[in-house]
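Descriptive structure summary
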Amino acid sequence: MASPPPPRPPPELMDELVGEILLRLPPDEPEHLFRAALVCKPWLRILCDPGFLRRYRAFHGAPPLLGLLHRLQVSQGDPAPRFASTTSMPDFPHPGSDGDRTRPLDCRHGRVLIHMLEDESLDLDLLVWDPITGERHAVPEPDIDWMIYTAAVLCAADGCDHLDCHGGPFRVVFLATDDYDAQVKATVYSSVTGVWSAPVSIHDGCEFYAKHKREITAQRGYYIPYVKPRRVAVIGDEIYFTLLRNTAIVKYDYCGKNCLCVIDPPPPDTEVYCTMIALMVMDGNSLGLAGIEGSNLHLWTRKVKGAAEWVQCRVIDLDKIMPMAMPSDSHGAYVVGFAEGLDVIFIQTDAGLFTFGLKSGLVKKVGKPGVCYSILPYMSFYTPDRGTFLSLASGEAH
């Protein structure tokens, strides 16, 4: 007589084992999660469970890089509205049409900030857009004069770890310079109050700023502190950005002191690549700086314990790890961005746009040769619990 078959494990144990396996699917290729969700309804239920998703995000840490937007220099105009995917997932549809003049300003905390310059179909100035959920929020332009500017969009939820910033309150920080009074100004918009804060300006009371202003004026006979229209670095409640054609780095404490000040720049020899430096966030939430001289990538970090000082931490010969293609009449290579948490730098060369992993050393081509000025990396977990997919998968899973 044949022995009876072994008892089947209880469903709870099977779900737990399946969950442990699904937990290890890589987030930088969301298609794996989506395909797994279509296998059967129990897997779909696991992948959409809030508890599992919290574990998944905590297990993998920093959100993956899903796509890119980019900015050009002011003189080059604005790029066509396009969201370029860096994964096998299709591009997210850009909220502007081909005929719209739009200017992407920032990607951060699951959101994209876009300046809608001439959009007749939408009665708005600034747009905060979540590509994954499709959620949109209209933000009016700040009531300040500006000619050249940059901006940042930030999650404003108390205690958020920024691993799943979809919905909830946000802030928009606007940093600008105007020709008339030649002042750097900053103001903050809150989605909770729906208003901009009173603008603050940098002034000669800041020792480093007064010294910097005197030196530039002596060299040129005039001084206009143009804000560099590139992506800013955010550390806690502090925003760091740079000014055009010099080494000045400006810090905006938007939540505590609500003030602007210039911090001490790196050593004088960084001036050889200062016009195309990128500010970044290093390990330990310290401010970092990256710049290229010839084919060498220079990395600096600002130590703040004790007396604040800049320390050069690495020099990397890019000619050995990526195609540089630098003829005598080329613009060479320059750093155009950084992805926080992933330790990935974006480098534009005459051979194309590349990512370089500071820890892994991996190089990947992610764009064609061009005139990219500032990369805006969109980082977020893209999981099957999101809106349109959920209704589709519920019908297809069996």
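Everything quoted here is computed from the prediction, not taken from an experiment.

1. Topic: the pattern of salt bridges
The tally for this structure, following the rule as stated, stands at eleven salt bridges. The salt bridge partner of R231 is E340, with a shortest N-O separation of 3.0 Å. Taken together, the residues span a long stretch of sequence, with R231 in the loop between α5 (207–220) and β11 (233–235) and E340 in the loop between β19 (334–339) and β20 (344–349) at a distance of 109 residues.

2. Focus on the sheet that holds strand β2 (residues 84–85)
Pairing within the open sheet is antiparallel, and its three strands lie in the order β2-β1-β23. Looking along the sheet, the strands with just one partner apiece sit at the ends: β2 and β23 (374–379). Two strands pair when backbone bridges link them, and strand β1 (residues 65–71) and β23 are joined in this way by six bridges, in the antiparallel orientation. Residue pairing for β23: L65 is matched across the bridge by M379.

3. What about α5?
Its 14 residues give α5 an end-to-end C-alpha distance of 20 Å, which sits within 8% of 20 Å, the value for a rise of 1.5 Å per residue. Burial in α5 covers these residues: Y209, A210, H212 and I216. For α5, the arc enclosing every buried residue in end-on projection is 165 degrees, short of the 170-degree limit, so these residues lie on one face. Those residues of α5 that are exposed and angled more than 90 degrees off the buried face are E207, R214 and A218. Downstream of α5 by a residue or two, G221 has a phi angle that is positive, lying close to 85 degrees.

4. Notes on the packing of aromatic side chains
The geometry of an aromatic ring pair is captured by two quantities: the separation of the ring centres and the angle between the planes. Enumeration over the complete set of coordinates arrives at twelve aromatic pairs. Plain terms: the ring middles of Y149 and F174 are 5.2 Å apart, the flat faces sit at 20 degrees to each other, and that makes the pair stacked. With Y149 in strand β7 (residues 148–155) and F174 in strand β8 (residues 170–177), the pair connects residues that are 25 residues apart, well separated along the chain. This pair shows no difference in class: Y149 is buried, exactly as F174 is. Cluster of aromatic residues (ring-pair linked, three or more members): W146, Y149, F170, F174, Y189 and W196. R230 extends its terminal NZ or CZ atom over the ring of Y373, reaching a point 5.1 Å from the ring centre.

5. Concerning the sheet that holds strand β15 (residues 278–282)
Spatial ordering of the open sheet is given by β15-β16-β17-β18, a layout of four strands whose pairing is antiparallel. Of all strands in the sheet, those bounded by a partner on one side alone are β15 and β18 (309–317). On average, adjacent strands in this sheet sit at an angle of 30 degrees to one another, irrespective of strand direction. Where β15 and strand β16 (residues 286–293) come together, five bridges link them in antiparallel fashion. The residue bridging L279 from the neighbouring strand is L289, located in β16.

6. A closer look at unusual backbone geometry
Despite not being glycine, H109 has its phi angle at roughly 55 degrees, a positive value. Structurally, the position occupied by H109 is in the loop between β3 (102–108) and β4 (111–116). Not every positive phi belongs to a glycine, and H162 is a case in point at roughly 60 degrees. Secondary-structure assignment places H162 in the loop between β7 and β8. Accessibility expressed as a relative area gives 28% for H162, which makes it partly exposed.

7. Thoughts on the confidence of the model for the chain
Per-residue pLDDT for the chain has a mean of 82; in total, 84% of the residues score no lower than 70. Mean pLDDT in the chain bottoms out at helix α6 (residues 387–396), which sits at 48, and peaks at β8, which reaches 94.

8. Examining the pairing of β20
Among the six residues in β20, six count as buried, and that is most of the element. The alternating pattern of β20 places V344, F346 and Q348 on one face and I345, I347 and T349 on the opposite face, and all of these are buried. The pairing of β19 with β20 spans five bridges and is antiparallel. Bridging from a neighbouring strand, A339 pairs with V344 of β20. Hairpin remark: β19 followed by β20, antiparallel, with four residues in the connecting loop; positive phi at G341, about 80 degrees. In this sheet, strand β21 (residues 352–357) lies alongside β20 in antiparallel orientation, the contact comprising six bridges. Bridged to V344 within β21 is G357. Hairpin connection between β20 and β21: a loop of two residues separates the two successive antiparallel strands.

Criteria and thresholds
Residues numbered from 1 in each chain as written. Predicted model: local features only at pLDDT ≥ 70, side-chain atom pairs only at ≥ 80, totals over all residues. Heavy atoms only, no water. Salt bridge = Lys/Arg side-chain N within 4 Å of Asp/Glu carboxyl O. Helix = DSSP H or I, 4+ residues; strand = E, 2+ residues; numbered from the N terminus. Pairing = 2+ DSSP bridges. Expected span 1.5 Å × (residues − 1). Buried < 20%, exposed > 50% of the residue type's maximum accessible area, 1.4 Å probe, protein only. Arc of directions from axis to C-beta. Phe/Tyr/Trp six-rings, centres within 6.5 Å; stacked < 30°, edge-to-face > 60°. Lys NZ or Arg CZ within 6 Å of the ring centre and 35° of its normal. Axes fitted to C-alpha atoms, helices over the stretch in contact; angles between N-to-C directions. pLDDT = per-residue confidence, 0-100.

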